[in-house]
Amino acid sequence: MPRVPESGPDAATTGLPPVEPVDLSRVAADLAANAHDRAAGWDQNDGLPDSVRKEVAASGLLAADLPERYGGAGLHPLTLGEITARIGAECSALRGLLTVQGMVAAALLRWGTEAQRADWLPRLAGGELTAGFAATEQGAGSALGSVETRIEASGRPDHQELVVSGRKRWVTFGAVADVFLVLGKYEGKPAAVLVDADRAGVEREPVNGQLGMRGARIAHLSFDGVRVPRRQLVAPPGLGLSHVAGTALDHGRFTVAWGCVGMAEACVEDAATHAAVRRQGDIPLGDHQLVRSLLARAAVDAAGARQLARAAAEARASGPGHGVSETLMAKYAAASAAAAGSRAAVQVLGSAGCAPDSRAGRHFRDAKVMEIIEGAQEVSELHIAERLLRRFGDAARGTDRPVGSRLPGESP
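Below or above, wherever it landed, is the structure these notes cover. (Residues numbered from 1 in each chain as written. Predicted model: local features only at pLDDT ≥ 70, side-chain atom pairs only at ≥ 80, totals over all residues. Heavy atoms only, no water.)

## Focus on the overall build of the protein chain
Consideration 1: A tally of helices and strands in the protein chain yields 11 helices and 10 strands.
Consideration 2: For 412 residues, the compact-globule estimate of 2.2 N^0.38 gives 22 Å, and the protein chain sits close to it at 22 Å.
Consideration 3: The principal-axis extents of the C-alpha atoms in the protein chain amount to approximately 85 × 55 × 45 Å.
Consideration 4: For the protein chain, the residues scored as buried account for 53% of the 412 residues in total.
Consideration 5: Considering only contacts in the protein chain between residues 6 or more positions apart, those separated by 24 or more positions represent 73%.
Consideration 6: Across the protein chain, the 45 positively charged side chains and the 48 negatively charged ones have centroids separated by 3 Å. (Helix = DSSP H or I, 4+ residues; strand = E, 2+ residues; numbered from the N terminus. Rg over C-alpha atoms; globule rule 2.2 N^0.38 Å. Buried < 20%, exposed > 50% of the residue type's maximum accessible area, 1.4 Å probe, protein only. Contact = heavy atoms within 4.5 Å. Lys, Arg positive; Asp, Glu negative; His and termini not counted. Charge placed at Lys NZ, Arg CZ, Asp CG, Glu CD.)

Here's what the structure looks like:
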């Protein structure tokens, strides 16, 4: 399969689009097909098995949008999105593995030093390491500026160590990750640091039985005086939230949006298939007007979310910092489509939708989580409205001077 053109500094300069060494879309399709009958078990039991993580690591799908010089495939955002949707249609936990790995890799690619990129990115892309993004705290969910985790100088004369102390919650794959990108405060300023999971003072508390994303090996974390080399500080203090975490969250919103597109479309498929073959007496279920209305609304929502996700992909292809607004809108619409579509699917499927192995039922629970993570729907509404007011306010005043603050990670 021809590779879509890569954006950024590694793009070919010959005028000819580069060619993908492997068909990652086919790899993703095979991975999704294998997950179809197993995802319910992952959700009900102990989460995504280590063997599956290793399978994904060997597939080339982790951080596949990284430039080739760092071990990635240089995927165009649209190809990355389609792959994420395919996997998200079957299992949000499996999609979550791609998302969190991509979040940490994106932050390092944009804000890490060359030494950090050379050290960490190939291991993330190759699956040697599983990454976690440790940002949320008990008192800092959507308001990440309120984090209380401390990153301090160790007091050693050579100043080559930092000490990390704090508590993090709801870390996707936190129970098994090898390294965490931790958001904290250094000398009162937001800072981000890479913390190896095997360092003394790192403790994990696996979370089980939560509403959704039950297969994603989620954990709460404790960092009790954890010492790390100073070289693992990502970007100068003060840029940890607006730049490092902002870039990670933006990448997360993009893949969550596409994952939700896959969820919404899968729910339409399951509901329409059931309505077409299920009969109530002598009448096909799909002949009922109310059932058709549910199907139509779900299908329109899913199609609209896909188009917004495509628009975000096209905008992001221009390079880092582009497509932030489009990504925010796509994630908002796609999460809503997944929530509404899964609710409609469970309604149409009836008791089958409530069964333990129901894909629609699992998506119903996971979709509610999608409306919260990477920015709750209500917070997203505020950011979207802020951009509208800024854009049209500037036009009315005859000035292109930005009004108000930018979203973390957004370029001027």
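## Focus on the pattern of salt bridges
Consideration 1: Under the counting rule described, the total for this entry stands at 21 salt bridges.
Consideration 2: Between D50 and R217 there is a salt bridge; the shortest N-O distance is 3.5 Å. A residue pair is termed long-range when its members are at least 10 positions apart, and D50 in helix α3 (residues 50–59) and R217 in the loop between β6 (202–206) and β7 (219–229) qualify at 167 residues.
Consideration 3: With relative accessibility at 37%, the residue D50 sits in the partly exposed group. (Salt bridge = Lys/Arg side-chain N within 4 Å of Asp/Glu carboxyl O.)

## With respect to the packing of helix α7 (residues 240–277) against helix α9 (residues 324–349)
Consideration 1: Put simply, α7 and α9 touch, their axes get as near as 7 Å, and they point 25° apart. Here α7 lies roughly parallel to α9, going by the angle between them. Like other packed secondary-structure pairs, α7 and α9 cross with a definite hand, here left-handed. (Axes fitted to C-alpha atoms, helices over the stretch in contact; angles between N-to-C directions. Parallel < 35°, antiparallel > 145°, perpendicular 65-115°, else oblique. Left-handed = near helix turned anticlockwise from the far one by under 90°.)

## Considering the nonpolar core
Consideration 1: Counting 88 residues, the largest nonpolar core has L94, F133 and L181 as the members making the most contacts within it.
Consideration 2: Counting residues per element, this core draws most heavily on α7, at 14 residues.
Consideration 3: Setting aside residues up to four positions removed in sequence, L94 forms contacts with L31, A35, W42, L48, V52, V56 and I87.
Consideration 4: In terms of nonpolar packing, the next biggest core, distinct from the first, is built from 20 residues, V164, V171, A219 and F223 among them. (Core = buried A, V, L, I, M, F, W, Y, C linked by side-chain atoms within 4.5 Å.)

## Brief notes about the pairing of β7
Consideration 1: Taking burial as the measure, the 11 residues of β7 include 8 buried ones, the bulk of the element.
Consideration 2: Of the pairings in the sheet, the one linking strand β3 (residues 161–171) to β7 comprises 8 bridges and is antiparallel in character. From the neighbouring strand, L162 faces β7, where its bridge partner is V228.
Consideration 3: As paired elements, β6 and β7 share 5 bridges and run antiparallel to each other. (Pairing = 2+ DSSP bridges.)

## Describing the packing of α7 against helix α8 (residues 289–316)
Consideration 1: Interaxial distance between α7 and α8 falls to 9 Å at its minimum, and their mutual angle equals 155°. What the angle tells us is that α7 and α8 run roughly antiparallel. You can see that α7 and α8 cross each other, and the crossing is left-handed. For the pair α7 and α8, contact is made by D250, H251, F254, W258, V261, A264, E265, V268, A271, A272 and A275 and by V291, L295, A298, A299, A302, A305, R306, A309, R310, A312, A313 and R316, respectively.
Consideration 2: Taken together, the residues of the contact of α7 with α8 break down into 17 nonpolar, 1 polar and 5 charged. (Nonpolar A, V, L, I, M, F, W, Y, C, P; charged D, E, K, R; others polar.)

## Description of α8
Residues that lie three or four places apart on an α-helix share one face, since the helix turns once every 3.6 residues.
Consideration 1: Its 28 residues place the ends of α8 41 Å apart at the C-alpha level, agreeing with the 40 Å of an ideal helix rising 1.5 Å per residue.
Consideration 2: Looking at α8, one finds that the buried residues are V291, L295, A298, A302, A305, R306, A309, A312, A313, A315 and R316.
Consideration 3: Here the buried face of α8 lies against α4 (77–88), α7 and α9. (Expected span 1.5 Å × (residues − 1).)

## Some remarks on the environment of A153
Consideration 1: When you line up the elements, A153 lands in strand β2 (residues 150–153).
Consideration 2: Exposure remark for A153: the relative accessible area of 46% places this residue in the partly exposed category.
Consideration 3: Along the chain, A153 and A200 lie 47 residues apart, while their C-alpha atoms are 17 Å from each other.
Consideration 4: For A153, the contacting residues outside a window of four places in its chain are E161, L162 and Y186.

## Focus on unusual backbone geometry
It is generally the case that most residues other than glycine have a negative phi and that most peptide bonds are trans.
Consideration 1: Positioned with a positive phi, M213 is a non-glycine residue whose angle comes to about 55°.
Consideration 2: By the secondary structure assignment, M213 is in the loop between β6 and β7.
Consideration 3: Of note in the backbone geometry, A235 takes a positive phi value of approximately 75° without being a glycine.
Consideration 4: Mapped onto the elements of the fold, A235 is located in the loop between β8 (233–234) and α7.
Consideration 5: Its relative accessible area of 13% is what places A235 among the buried residues.

It is worth stressing that arrangement in space is one thing and function is another; only the former is reported here.
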